[in-house]
Amino acid sequence: MNTTEDRLRAAFAAKAGQLTEAKLDELAARHEAGVEDLHDLDRGEHTVVLEPIDFETHRVRRRWVAPALAAAAVAVVAVGVAAAVGTSKHANPPAIQPTRPSGSIPAPSSSPTAPPSASRTQAVAPYLSSGQTGSLKDVAWSLVGAGWRLLQPAETGNTGRSLFLYDPADGRYLISDQLAADTKLVGWSPDGRHAALQLPDELDQIDLHTGQISPIVSGQNFITYTRPHGLAVLVSSDSGLQRYGTDGTHQLSYPNNINGVGKLGGQPNSMFYLADGSAFVTMGASEAILLSNSGAPLRSYNVPAGRTDCHPIRPWNSSAFLEWCIDDQDRSGLYLQPYAVSGAAVALYDLTEQSLINAWPLSNGDILLANSGHDCAETGYQILHPDGSLSPLRLPPGVPALGYILNMSGDVATFTLAPDACSSDQYGTLDYNMVTGVTTALTDTATPIVNYPTE
Amino acid sequence: MTVFPMGARVRSLDRGEVVERGATIDLAALYAEHRLSLARIALLLVDDMATAEDVVHDAFIALQRNADKLRNPSAAVAYLRTSVVNSSRSLLRKRQTVRKHLSLAREEHATAADADLIVAAEHQEVLDAVRTLPRRQQEVLVLRYWSNLSEAEIAEALGISRGAVKSNASRGMDKLETLLGASR
């Protein structure tokens, strides 16, 4: 038998051998062609036409942030401003006066179904106390809603992997300890009662009230539940995007070339439904698109000037969604912006020197921003305050510099805990309420988390 | 990332001869001699040919900009190697962070360019196992078992101590043995 060292050398040689001088020349030629294309690009096609925006309030001055967050500036601007400055990332910072518009911004969500943010720390009975574990019969199902979460700790018990329902006070209820070891929690149905479980070759659904597991379909990867009732799921495989009823009935094969997009599909959360279930947002050829339930293209969202490959992330509120785009000349640059579903006026969260990759609205009006880390450094988090100022997020006690936010539920950020700079290993999760400052140890292992489906 | 047309790349490198302390760095010659080996290191680290080519090109551009800071022109190759490793790590870190936050996997796009080139299954198994290792261990193993660098050279390339090279290599191989069920 070959030694591991021999096998390693052979594998490296096989992989490296794929890259030849000729292939390198071909790749360089592709880049050359790409640059010529850029020179010929009619920027007018990418101009975003906007409704008038009120610039009088919430004026933001770009600030350079702490070295730990890199020499970078995150600014909030309207699309019109961004389009005007074009490649503003290369501009001299003082020359730009980005402004946060007020009236037309898709404001952070305040869903009527969402509990007050402080409820997580002020929770009283009938919630369990943090650290307490109850059973299915202890769940007050009429209370289950925003602020509740499903968690699947990585450890395997005597009978199988466990699935817990967490209440807003971090009390937990065992839903099942019978899950197969390779099961992964991937979705929570809008009906509030069922959750999707992905296995390597099968998609299952669990009834949270009973713990009963039933198969939906084989050979397909879960993407999302349909809305408003979660009666079906969108799944993907090599054959493209499909819709199956939760009873396993095949309902629809989506066309494999809508507006030149090619096969639709992706990972969980890569597409999401409007709240009324009439249409869903997904990624098009290089821009976000809105498709009807039958796959008919309803709207294409313009790619702002200087950007490309815009991916929808998730709903921002009932009328807007969040997406990120890539700088069309710097593939490593990412930009984040809320985009109105209607296609109307939008506000653009413009990244100038640093990669802004996610944002979450907090109940106190702040917005938490995440920037990608550099090398093996930590992800940078900042708070954008209502007055437009930025401040770095101080990580709570117990969270190493390398912790990153795995999930946001209201004001509560769930941080993963990692041992060293370049490790993908995690040794637990911790909740941190961004508004109250309360921290709670959540699990000892990496944990898939799914929020109650409020939107 | 600055991307130049191929012709411009060569021309810019032709003009990039730098004389420092009586010695000359011939960037064009360096490019011709080392771009493939550097690109292969990058490929093993980022698993994408187009990105690997870009990483190497950027390393040469960085060298061109900073050649006057090199104390010894003979260190240019080491400089390039370090630049390639750092750029690859930075790029991977960024990819990883984005995935963590967005639950969006772009692997389909990242590997599409290589779809016509399939690595034999037994090699792919090893490469997949390597991908599960911490970043630093991957880098050490690539530089040691592909580039055949000494511990001292790896330490210099990665900016770590020789002891750290040794421990990362050992831990990486131990983990691979476990994953692959083989003996060293």
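Source: prediction; values computed, not measured.

Details of the overall build of chain A
Here comes step 1: Secondary structure summary: chain A contains four helices and 30 strands in total.
Here comes step 2: Residues counted as buried form 53% of the 455 residues belonging to chain A.
Here comes step 3: Long-range pairs, those at least 24 residues apart, make up 45% of the contacts in chain A between residues at least 6 apart in sequence.
Here comes step 4: With an accessible surface of roughly 18,300 Å², chain A has 51% of that area assigned to carbon and sulfur atoms.

Looking at the overall build of chain B
Here comes step 1: Of the regular secondary structure elements, chain B holds nine helices and two strands.
Here comes step 2: Ordered by position from the N terminus, the helices and strands of chain B form the series α-β-β-α-α-α-α-α-α-α-α.
Here comes step 3: Every one of the 184 residues in chain B was classed for burial, and the buried ones make up 52%.
Here comes step 4: Taking the intrachain contacts of chain B between residues at least 6 apart in sequence as the baseline, contacts between residues at least 24 apart amount to 64%.
Here comes step 5: For chain B, the accessible area works out to roughly 8,000 Å², and carbon and sulfur atoms hold 50% of it.

Focus on the pattern of salt bridges
Here comes step 1: Throughout the structure, instances matching the rule amount to 15 salt bridges over all chains.
Here comes step 2: Close ionic contact of B:Arg35 with A:Glu21 constitutes a salt bridge, the shortest N to O distance being 3.0 Å. With B:Arg35 in helix H2 (residues 27-46) and A:Glu21 in helix H2 (residues 21-40), the pair connects residues from two separate chains.
Here comes step 3: For B:Arg35, a relative accessible area of 9% translates into the label buried.
Here comes step 4: Judged by its relative accessible area of 34%, A:Glu21 falls in the partly exposed class.
Here comes step 5: A salt bridge links A:Glu26 to A:Lys23; its shortest N-O distance comes to 3.7 Å. Here A:Lys23 and A:Glu26 lie together in helix H2, a separation of three residues that amounts to about one turn.
Here comes step 6: For A:Glu26, a relative accessible area of 35% gives the class partly exposed.
Here comes step 7: A cluster of three or more residues bridged by salt bridges with shared partners is formed by B:Arg89, B:Arg135, B:Arg136 and B:Glu139.

A few points about helix H6 (residues 121-131) of chain B
Here comes step 1: Buried within H6(B) are the following residues: B:His123, B:Val126, B:Leu127, B:Ala129 and B:Val130. One side of H6(B) holds all its buried residues, which, seen down the axis, span an arc of 160°.
Here comes step 2: Summarising the contacts, the buried residues of H6(B) are in contact with helix H1 (4-16) of chain A together with helix H7 (135-145) and helix H9 (162-180) of chain B.

Here we look at the pairing of strand S7 (residues 194-199) of chain A
All names here are of chain A.
Here comes step 1: A large share of S7 lies buried, amounting to six of its six residues.
Here comes step 2: Of the two faces of S7, the one carrying His194, Ala196 and Gln198 and the one carrying Ala195, Leu197 and Leu199 are both buried.
Here comes step 3: For strand S6 (residues 184-188) and S7, the ladder comprises four bridges, and the chain directions are antiparallel. Looking at the pairing, glycine 187 lines up with alanine 196 of S7.
Here comes step 4: What sits between S6 and S7 in their antiparallel hairpin is a turn of five residues, with glycine 192 showing a positive phi close to 75°.
Here comes step 5: Relative to strand S8 (residues 202-207), S7 runs antiparallel, the two being bridged by six bridges. Looking at the pairing, glutamine 198 lines up with leucine 203 of S8.
Here comes step 6: From the end of S7 to the start of S8, which pair antiparallel, there are two residues.

Observations regarding the sheet that holds S6(A)
All names here are of chain A.
Here comes step 1: Pairing within the open sheet is antiparallel, and its four strands lie in the order S6-S7-S8-S9. Lying at the two open borders of the sheet, with one neighbouring strand each, are S6 and strand S9 (213-218). Adjacent strand axes in the sheet meet at a mean angle of 30°, parallel and antiparallel pairs treated alike.

Quick look at the packing of aromatic side chains
Here comes step 1: By the definition in use, this model includes 11 aromatic pairs over all chains.
Here comes step 2: Aromatic pair A:Tyr381 and A:Phe415: ring centres 6.0 Å apart, planes at 80°, arrangement edge-to-face. Taken together, the residues A:Tyr381 in strand S24 (residues 380-384) and A:Phe415 in strand S27 (residues 412-417) connect sequence positions 34 residues apart.
Here comes step 3: For A:Phe415, a relative accessible area of 0% translates into the label buried.
Here comes step 4: Judged by centre distance (5.0 Å) and plane angle (80°), the ring pair of B:Tyr31 and B:Phe60 falls under edge-to-face. Placement of the pair is B:Tyr31 in helix H2 and B:Phe60 in helix H3 (residues 49-66), with a sequence separation of 29 residues. Take B:Tyr31 and B:Phe60: they sit in the same class, and that class is buried.

Description of the pairing of strand S17 (residues 297-300) of chain A
Residues and elements named next belong to chain A.
Here comes step 1: With three bridges connecting them, strand S16 (residues 288-292) and S17 associate as antiparallel partners. Across the sheet, leucine 290 pairs through a bridge with arginine 299, a residue of S17.
Here comes step 2: The antiparallel pairing of S16 with S17 creates a hairpin that spans four residues between the two strands, and glycine 295 there sits at a positive phi of about 95°.

Some thoughts on unusual backbone geometry
Most peptide bonds take the trans form, and the phi angle of most residues other than glycine is negative.
Here comes step 1: Put simply, A:Arg227 and A:Pro228 share a cis peptide bond, and its omega is 10°.
Here comes step 2: Within the element layout of this structure, A:Pro228 appears in the loop between strand S10 (221-225) and strand S11 (232-237).
Here comes step 3: A positive phi angle is found at A:Asp170, which is not glycine, with a value near 70°.
Here comes step 4: A positive phi angle is found at B:Asn148, which is not glycine, with a value near 55°.

Concerning the nonpolar core
Here comes step 1: Residues A:Leu8, A:Phe12 and B:Leu176 are the most contacted members of the largest nonpolar core, which totals 54 residues.
Here comes step 2: A per-element tally of this core places H2(B) first, with 12 residues.

Section: the sheet that holds S10(A)
Residue and element names in this part refer to chain A.
Here comes step 1: Ordered in space as S10-S11-S12-S13, the four strands form an open sheet in which the pairing is antiparallel. This sheet does not close on itself; its edge strands, each paired only once, are S10 and strand S13 (250-253). Averaged over all pairs of adjacent strands, the angle between strand axes in this sheet comes to 30°, irrespective of strand direction.
Here comes step 2: Relative to strand S12 (residues 240-245), S11 is paired through six bridges, and the arrangement is antiparallel. Directly across from serine 236, in S12, lies its bridge partner leucine 241.

Thresholds, definitions, all that
- Residues numbered from 1 in each chain as written.
- Chains lettered and ligands numbered in written order.
- Predicted model: local features only at pLDDT ≥ 70, side-chain atom pairs only at ≥ 80, totals over all residues.
- Heavy atoms only, no water.
- Helix = DSSP H or I, 4+ residues; strand = E, 2+ residues; numbered from the N terminus.
- Buried < 20%, exposed > 50% of the residue type's maximum accessible area, 1.4 Å probe, protein only.
- Contact = heavy atoms within 4.5 Å.
- Areas by Shrake-Rupley, 256 points an atom, 1.4 Å probe, with all protein chains shown as cover.
- Salt bridge = Lys/Arg side-chain N within 4 Å of Asp/Glu carboxyl O.
- Arc of directions from axis to C-beta.
- Pairing = 2+ DSSP bridges.
- Axes fitted to C-alpha atoms, helices over the stretch in contact; angles between N-to-C directions.
- Phe/Tyr/Trp six-rings, centres within 6.5 Å; stacked < 30°, edge-to-face > 60°.
- Core = buried A, V, L, I, M, F, W, Y, C linked by side-chain atoms within 4.5 Å.

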